[in-house]
Structure formats: C-alpha cells, structure tokens
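Remarks on the overall topology
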Amino acid sequence: MTWPHGYGHLPLGEIGSTLDEAARRFSELAGPTWITATRQTVARGRRGRPWANPEGNFAAALVLPRVPPETAALRSFTAALALHETLAALTGRPEALSLKWPNDVLLNGGKLAGILLESLMAGGKLTGLAVGIGVNLAKAPGADAVEPGALRPVSLAGETGIAVTPEAFLETLAPAYADWEAQLSTQGFAPLRTAWMARAARLGETLTARLPAEEITGVFREVDLAGHLVLSTPDGPRRIAAGDVFF
C-alpha cells in the first residue's frame, strides 16, 4: 500500500496516551498526522474507562486539523470502515467482521478494536479532532478488564492465528482511512452510511442503549444521516446521538 499524500506519521515509544500527545502536539502539526506508540501507560476508552494496551497491539491517534464541528462525530464511521477494510484485507475473512455502533469493530462477535474521538480546541472553538484507535493485534485483555455485560475482548492473533505488527497494520490502515475521509469530504455521509450499514452488527435485532439518564431497549433499524442510532420501541422510534450499546 502507498502511504497517503498529505498525511504525516509521528512514531513514539512508551507514552501516557496517544490522545494526550495529540492534544499536546496539535499546534505543531502541519496537517493530518498519525501518532503511534509502542506502549501506552494510561490509555483510555469511552467515559474515561481504562483501555488495556498489551505489547504488540496497535495504539494510535490520528490528528485531523480543520474539522467542521457539524461533521466531527462522523469520523467514528470513517475510522470503523477503514478498520474493517484493513482487517478484511489482512484476514481474507470479511464475513467474520462487523461494526458495532458507535465505535467498535467485532471479530467473531468479540470486540477487536475501539475508536474514541476527542475534540482539539483553540480559543474555545473546535479546531481539530483526535481519532483514537486501539486494536488487539497480539493480545486481548481478560474478561475482568471490561464492564459487566460488555462483549468479550478478542485479539487478531488469538482468533485467526495471524501475526501482524503495529507498523504493518498502519501501512494498510492509513491509506484506507485516507480514502474514506476523501469520500466523506467530497460526497458527504450518505455513501459511508450505506457502507457502514452493510457491515452493521445485530441489524434488525433487539439491543439496549445506555444513556446517562436512561436505558432504551428496541429493535436496531438503522443509522440515520446524522449518524444517530435509530431504535424501534413500543413508544415509537428513538434516535440516539451517543450512548453505550449492549446486545
């Protein structure tokens, strides 16, 4: 694969968090830049939960400057599609992969990768975005590392026997992401939504979305053009902008 034009790469050794480095170095970066680490000591997931990062797994934050605030959240779909494309190419098993709203990639029904978006601010305004990506290439954390009811963590090596270094993974992921990003920029979200829906986990099945103040259970009908999860419930359709989904 050819490294995408206009994208930089900043490889680091052991650090606290690629997302923290993205925030700290944002003003120094001239354009979209992948920040990778061999090890993170304080990696985090959604709502500040710890993210286990054993050696040999992929840890990165993609810094995107000049992201329009109204489309910033859609980068979780861009990243998910790029991860799916990369993993399908590496394994030759697209049927074993699926995408879980809003930010997970599943392999054989277990959680293989997670995505976390964080805003990059300047002068009180959103001026960029950090797309944090973690992939269990070599090892998966134990079941005790995830909250009750969450999907079992899996690794690429454990499920398929395929060994991929983080460096080799990025060589495929970076151009895949650049292609989906270009499509979003030129054609809007509609084609990405169609592609994401074709890879969606548990479409048409009942699931529960946990929000800060309530839980909503319903049938997963679609993701709308704003990126919201749409559930059919006894009280009618519910559109959910953000939350944790449980099967």
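For the structure itself, look to the data block above.
Residues numbered from 1 in each chain as written. Predicted model: local features only at pLDDT ≥ 70, side-chain atom pairs only at ≥ 80, totals over all residues. Heavy atoms only, no water.

**Considering the nonpolar core**
By size, the foremost hydrophobic cluster in this structure holds 58 residues, and its most contacted members are Trp34 and Trp196. Here this core takes nine residues from helix α4 (residues 166-187), the largest share from any one element. By size, the runner-up hydrophobic cluster in this structure holds 12 residues, among which are Leu12, Leu19, Leu116 and Leu120. (Core = buried A, V, L, I, M, F, W, Y, C linked by side-chain atoms within 4.5 Å. Buried < 20%, exposed > 50% of the residue type's maximum accessible area, 1.4 Å probe, protein only. Helix = DSSP H or I, 4+ residues; strand = E, 2+ residues; numbered from the N terminus.)

**Focus on the packing of aromatic side chains**
A full pass over the atoms with the stated rule returns four aromatic pairs. Pairing Trp34 with Tyr177 gives two aromatic rings, centres 6.2 Å apart and planes at 90°, and the pair type is edge-to-face. Taken as a pair, Trp34 in strand β2 (residues 33-40) and Tyr177 in helix α4 lie far apart in primary sequence, 143 residues in all. Tyr177 sits in the buried class, given a relative accessible area of 0%. Their ring planes at 55° and their centres at 5.1 Å tell us that Phe58 and Phe169 sit as a pair that is tilted. Here Phe58, found in strand β3 (residues 58-65), pairs with Phe169, found in helix α4; they are 111 residues apart in sequence, far enough to count as distant. According to the relative accessible area criterion, Phe169 is buried, its value standing at 0%. Taken together, the ring pairs connect Phe77, Phe189 and Trp196 into an aromatic cluster. The ring of Phe247 is capped by Lys100, whose NZ or CZ atom sits 5.7 Å from the centre of that ring. (Phe/Tyr/Trp six-rings, centres within 6.5 Å; stacked < 30°, edge-to-face > 60°. Lys NZ or Arg CZ within 6 Å of the ring centre and 35° of its normal.)

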